[in-house]
Structure formats: structure tokens, C-alpha cells
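Residue-level listing of the chains:
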Amino acid sequence: MRPVFRPGPDGERLSGPTPETGAPVRLAREEGGEVTVVAIEGERVTLTALEPAAPGSRVVARGLGYVYRVKAHRSIRVGPHFEIHGRLFDLTREARRALVAALDRYTLDHNR
């Protein structure tokens, strides 16, 4: 999955909502702060956060009534944020449906 970028106010690359990725979904990070889910494809997920995640580390976040666990593959600095690429694990079908529906809801509402 290739991340989709849009130019920021100063020309830096920022991830953002597109018809392919839907709208960002914010989740509360257990370590403090928050992560934003900007894309999901199968088990692969792209998050943004103010703090990076080391390769192999686990990002645990809560939101939409579920706990989401991501094993980080890499973090890329994009302006003031970090884009975290990783893999979802220990995910129930209901939690996946809730996350995908939240991402798709924006796309359906804004593509009319």
C-alpha cells in the first residue's frame, strides 16, 4: 500500500483524506496522545502521530469501542507528524468492520 500525499501549507508532504483512503479516524493511544488511522488495506495500516514508533514496537490504541493493536514496521517524519506503517493484529471481525466503516463513511458522504 502506497501512502497518498497532499502538499501542506509549506509544501511538505502530508497524508490526508482521499477517495481511496477515506477520512482519518482518531484513536486514543494507550501510551498517551493519539494516533490517526489514515488508510487500511487488508492487515496493513497507515497511522499518523506526534510520536514515532520504533520498528517492531506495538502501538495500542482505543476508539470506536474497541482496542486496536498495530505492530510498527517503520515511521517516517512528515512535517510535524510521523507516519507509522504497520500491521494490525489481534483484531476481531467486528473491530475491523467498525474501523473500515468509519473510514468509508466520510468517503460516501463527501463523494455525492
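Quick summary incoming for the structure in this document. All values derive from a computational prediction rather than experimental measurement.

### Considerations on the nonpolar core
In terms of nonpolar packing, the biggest core is built from 19 residues, with Val25, Leu27, Val37 and Leu47 touching the most fellow members. Put simply, the parts of the chain that give this core at least two residues each are strand E3 (25-29), strand E4 (34-41), strand E5 (44-49), strand E6 (58-63), strand E7 (66-78), strand E8 (81-89) and helix H1 (93-110). Sorting elements by how many residues they give to this core places H1 first, with four residues. Leaving out residues up to four positions away in the same chain, leucine 47 has contacts with Thr36, Val37, Val59, Val70, Phe82, Glu83 and Ile84.

### Remarks on the pattern of salt bridges
Counted under the stated rule, the structure contains three salt bridges. Close ionic contact of arginine 62 with glutamate 30 constitutes a salt bridge, the shortest N to O distance being 2.9 Å. Of this pair, arginine 62 sits in strand E6 while glutamate 30 sits in the loop between E3 and E4; the two residues are 32 residues apart in sequence, bridging distant segments of the chain. Judged by its relative accessible area of 46%, arginine 62 falls in the partly exposed class. Classification of glutamate 30 by relative accessible area gives partly exposed; the value is 45%.

### Observations regarding the packing of aromatic side chains
Applying the stated criterion across every chain, the model contains one aromatic pair. Both rings, one in tyrosine 66 and one in tyrosine 68, keep their centres 6.4 Å apart while their planes meet at 70°; by these two values the pair is edge-to-face. Tyrosine 68 gets classed as buried once you look at its relative accessible area, which sits at 2%.

### Here we look at the pairing of E4
As judged from the four bridges shared by E3 and E4, these two strands associate in the antiparallel manner. Looking across to E4, one finds that alanine 28 is bridged to glutamate 34. Connecting E3 to the antiparallel partner E4 that follows it, the hairpin turn spans four residues, and glycine 32 within it adopts a positive phi of roughly 110°. Both E4 and E5 contribute to a ladder of six bridges, which runs antiparallel. Counterpart to glutamate 41 in the pairing with E5 is arginine 44. What sits between the antiparallel neighbours E4 and E5 is a turn of two residues, in which glycine 42 has the positive phi angle 65°.

### A closer look at the sheet that holds E7
Read around the closed barrel, six strands run E3-E4-E5-E8-E7-E6, paired in antiparallel fashion. Taking each pair of neighbouring strands and ignoring which way they run, the sheet shows an average axis angle of 45°.

### Observations concerning the side chain of threonine 36
Within the element layout of this structure, threonine 36 appears in strand E4. On the basis of relative accessibility, which here comes to 10%, the residue threonine 36 falls in the buried class. Each residue touching threonine 36, except ones within four places of it in the same chain, is listed here: Pro24, Val25, Arg26, Thr46, Leu47 and Thr48.

Conventions we followed
- Residues numbered from 1 in each chain as written.
- Predicted model: local features only at pLDDT ≥ 70, side-chain atom pairs only at ≥ 80, totals over all residues.
- Heavy atoms only, no water.
- Core = buried A, V, L, I, M, F, W, Y, C linked by side-chain atoms within 4.5 Å.
- Buried < 20%, exposed > 50% of the residue type's maximum accessible area, 1.4 Å probe, protein only.
- Helix = DSSP H or I, 4+ residues; strand = E, 2+ residues; numbered from the N terminus.
- Contact = heavy atoms within 4.5 Å.
- Salt bridge = Lys/Arg side-chain N within 4 Å of Asp/Glu carboxyl O.
- Phe/Tyr/Trp six-rings, centres within 6.5 Å; stacked < 30°, edge-to-face > 60°.
- Pairing = 2+ DSSP bridges.
- Axes fitted to C-alpha atoms, helices over the stretch in contact; angles between N-to-C directions.

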